[in-house]
Amino acid sequence: MSPLERLARLDRRWIFLMMGILVLIPLLWPLKMEIRPTASSRTFHRAIAAIPDGATVLMSCDYDPGSIPEMVPMTRTAMRQLWEKNCKVVVTVLWPGGPGLVDKVIEDVAVADFPGKRYGVDWVNLGYKPGNEAVMVLMGQGILTAFPNDYRGNLTRSLPIMQRARTYADFPLLISISAGYPGTKEWVQQVQARFHLPMVAGVTAVSAPEFFPYVQSGQLVGLLGGMAGAAEYEKLRNESGDASRGMDAQSLAHVFVALCIVLGNLVPRRRAGS
Amino acid sequence: MKREVPLFLTAVIGVFMILSFFVPHQVVSVPGQFLQLTAVIVVSCGYVLGGANVLRVNLDAIAKQQPGWIYKLVLVLSLLATVAIGAIEGSGFLDPGRRSRWIYDTLYSPMSATMFALLAFFIASAAFRAFRVRTVEAWWLAAAALIVMIGRVPIGDALTGFLPPALHLSSIQEWIMNVPQNAAKRAILMGAALGVMATGLRVILGIERSYLSGED
């Protein structure tokens, strides 16, 4: 039996094992490969840098624990950049599984890097509300109308941060960190197009191609695509976070998948039914 | 009447929602806001119906001891336990230290992340077994996929760093994403948007009636 024929009969558990090793090794011993930011990552970073200091920003974190490696590093880095500019952040989460995660991520950033930042004054988590696009449009009529209570059960109208965050017109920028539906696409269609709110987005790698037309049309000022986008953003901020550390593992995993495609086409094919 | 009333309501509300997009006057915006609030409440009620449906389907399967009934039992017990604990803890049920928070942090969150992480392994296996290139077009697709896959991560530049910058894999993948991919994606988006508009008009005008009872 030739090596290629032997490869054709390869037990897929060897592929799983190989993938596991290739992901694990660079996480234990980083290769520290150079990360080169793309144009859309640069414009994402520049858009947040251009916000007036102390402004109130709307950030929608539409994801759940399934997308932690891609979405959480973006959220953390964006929060750090916003808080360095002393911005206030109003957070919404339109995924039912997300509010607890997002609350913890932002709270962790506050505790670790910005101990002076207080809930209700410097940031608020408005939490989840069912209705998808209807909620986005309803927020256009009034944020307090759509969210009378925040995620922690406080009356939103009693929170200091909400005194100057009543409608979309009060925000200089919308940051959408999204892993699918509802997410960036719906924010563009329902809010950016309708209320002309400048917008940047961080999305999963698998969905990023869908948003390039919005970047080219100027509806999205900047775009981060997947963990690579998050790592580029960290690089632009001179940070070394989870995304930068994960890029070595992702690099080897991508090479391995590419190799699987090539080898899969070299091995002799079995006939149907054999 | 059974058909005419829903058709009339759909037409009136559909036209009204289109108007509210273009007319900011309160004659339109106030009822528009009411309709949007109503939509949010109706969707919330859907969760109750969804939960009841999950219970009905799974309890039926458990009672008949269908294949995999033990997993359905775990599902039903987990659902009831989560709802009961949340209801007992009341408002603030997700505060740190609460049991609901513990369920979210130590069960839901890691299990959800694990399910997604498994994709990496199955994608590698599927790439080896299923990604067969049979035609010239498929070769083009495979070549673009390989360039984007490697060029999107730092190893792409590490492998082609000795070449002029324009020939770096990251530069080529950026061109693929910004030019051919973007052109195709824009065409798909425009086609889909036109389709949505046509379907919306058909629903408002009462031509498309499948949403009423599954009949045309």
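Residues numbered from 1 in each chain as written. Chains lettered and ligands numbered in written order. Predicted model: local features only at pLDDT ≥ 70, side-chain atom pairs only at ≥ 80, totals over all residues.

(A) Structural detail: the overall build of chain A. Within chain A, the regular secondary structure consists of eleven helices and six strands. In chain A, which comprises 274 residues, the share counted as buried stands at 51%. Within chain A, contacts between residues separated by at least 24 positions form 72% of all contacts whose residues are at least 6 apart in sequence. (Helix = DSSP H or I, 4+ residues; strand = E, 2+ residues; numbered from the N terminus. Buried ≥ 20, exposed ≤ 12 C-beta atoms within 10 Å, placed from the backbone. Contact = placed C-beta atoms within 7 Å.)

(B) Expanded view of the environment of A:Ala230. Tracing the backbone through its elements, the reader meets A:Ala230 in helix α10 (residues 226–236). Setting aside chain neighbours within four positions, we find A:Ala230 in contact with A:Glu70, A:Pro73, A:Met74, A:Thr77, A:Gly202, A:Leu224 and A:Ala243.

(C) Looking closely at the packing of helix α2 (residues 12–28) of chain A against helix α11 (residues 242–266) of chain A. Residue and element names in this part refer to chain A. Viewed as axis vectors pointing N to C, α2 and α11 meet at an angle of 155°, and their least axial separation amounts to 7 Å. With respect to α11, the axis of α2 lies roughly antiparallel. Crossing of α2 over α11 shows right-handed handedness. Together, Ile15, Met18, Met19, Leu22, Val23, Pro26 and Leu27 of α2 and Arg245, Asp248, Ala249, Leu252, Ala253, Phe256 and Cys260 of α11 make up the contact between the two elements. (Axes fitted to C-alpha atoms, helices over the stretch in contact; angles between N-to-C directions. Parallel < 35°, antiparallel > 145°, perpendicular 65-115°, else oblique. Left-handed = near helix turned anticlockwise from the far one by under 90°.)

(D) Highlighting the sheet that holds strand β6 (residues 222–225) of chain A. All names here are of chain A. The strand order β3-β2-β1-β4-β5-β6 describes an open sheet built from six strands, whose pairing is parallel. The open sheet has two edge strands, β3 (123–125) and β6, and neither has a second partner. The mean inter-strand angle of the sheet, taken between neighbouring strand axes irrespective of direction, is 15°. The pairing of strand β1 (residues 56–62) with strand β2 (residues 88–92) spans five bridges and is classified as parallel. Residue Ser60 lies in a different strand from β2, and its bridge partner there is Thr92. Helix α5 (residues 99–113) contacts β1, β2 and β3 of the sheet and is inclined by roughly 160° relative to β3. (Pairing = 2+ DSSP bridges.)

(E) Layout of the environment of A:Gln141. Topologically, A:Gln141 is positioned in helix α6 (residues 133–141). When the 19 C-beta atoms within 10 Å are taken as the criterion, A:Gln141 is described as partly exposed. Distance from A:Gln141 to A:Tyr168, taken between C-alpha atoms, is 8.6 Å for residues 27 residues apart in sequence. Contact partners of A:Gln141, with chain neighbours within four places excluded, come to B:Ser29 and B:Gln33.

(F) Expanded view of the nonpolar core. All names here are of chain A. Residues Val91 and Leu220 are the most contacted members of the largest nonpolar core, which totals 80 residues. With eight residues, helix α4 (residues 68–84) is the single largest residue contributor to this core. Ignoring anything within four residues of it in the chain, the contact list for Leu220 reads Val188, Met199, Val200, Ala201, Phe211, Tyr214 and Val215. In this structure, Ile15, Met19, Leu22 and Leu252 belong to the second largest nonpolar core, which totals 13 residues. (Core = buried A, V, L, I, M, F, W, Y, C linked by C-beta atoms within 7 Å.)

(G) Fine view of the confidence of the model for chain B. All names here are of chain B. Taken as a whole, chain B shows an average pLDDT of 90; of its residues, 98% reach a score of 70 or greater. Mean pLDDT across the elements of chain B ranges from a minimum in helix α8 (residues 210–213), with 77, to a maximum in helix α3 (residues 69–89), with 94. In the predicted assembly, ipTM is 0.84 and pTM is 0.90. (pLDDT = per-residue confidence, 0-100.)

(H) A look at the environment of B:Cys45. All names here are of chain B. Note that Cys45 resides in helix α2 (residues 26–63). Residue classification places Cys45 among the exposed positions, given that 10 C-beta atoms sit within 10 Å. Counting along the chain gives 107 residues from Cys45 to Arg152, while the straight-line C-alpha distance between them is 43 Å.

(I) Structural view of the interface of chain B and chain A. Counting residues at the interface gives 51 residues for chain B, matched by 49 residues for chain A. When residues of the side of chain B that touches chain A are traced back to their parent elements, those giving at least two are α2, α4 (99–129), α5 (136–151), α6 (154–160) and α7 (169–204) of chain B. The biggest single contributor to the side of chain B that touches chain A is α4(B), with 16 residues. A breakdown of the residues in the side of chain B that touches chain A according to their chemical character gives 30 nonpolar, 13 polar and eight charged. (Nonpolar A, V, L, I, M, F, W, Y, C, P; charged D, E, K, R; others polar.)

(J) Fine view of the pairing of strand β5 (residues 199–203) of chain A. Residues and elements named next belong to chain A. For β5, a buried count of five out of five residues is recorded, marking the element as mostly surrounded by other parts of the structure. Residues Met199, Ala201 and Val203 line one face of β5 and the alternating positions Val200 and Gly202 line the opposite face, and both faces are buried. Of the strand pairs in this sheet, strand β4 (residues 174–178) and β5 are connected by five bridges, and their pairing is parallel. Residue Leu174 lies in a different strand from β5, and its bridge partner there is Met199. Handedness of the β4-helix α8 (residues 184–195)-β5 crossover: right-handed. Of the pairings in the sheet, the one linking β5 to β6 comprises four bridges and is parallel in character. Residue pairing in the sheet places Val203 in a bridge with Gly225 of β6. With respect to chirality, the unit in which β5 leads through helix α9 (residues 212–217) into the neighbouring parallel β6 is right-handed. (Right-handed = clockwise from strand over helix to strand, strands pointing away.)

(K) Summary view of α7(B). With 36 residues, α7(B) should reach 52 Å at 1.5 Å per residue; the first-to-last C-alpha distance of 49 Å fits that figure. Considering bend angle alone, the principal kink of α7(B) is centred on B:Asn182 and spans about 45°. Elements in contact with the buried residues of α7(B): α9 of chain A together with α5 and α6 of chain B. (Expected span 1.5 Å × (residues − 1). Bend = angle between axes of the 7 residues up to and from the residue.)

(L) How the structure looks around the packing of α6(A) against α2(B). It is the contact of α6(A) with α2(B), at a shortest axis distance of 9 Å, that shows an interaxial angle of 145°. Considering the relative orientation of α6(A) and α2(B), their crossing is left-handed. Contacts between α6(A) and α2(B) involve A:Ala134, A:Val135, A:Val137, A:Leu138 and A:Gln141 from the former and B:Ser29, B:Gln33, B:Gln36, B:Leu37, B:Ala39 and B:Val40 from the latter. Grouping the amino acids of the contact of α6(A) with α2(B) by side-chain chemistry returns seven nonpolar, four polar and no charged.

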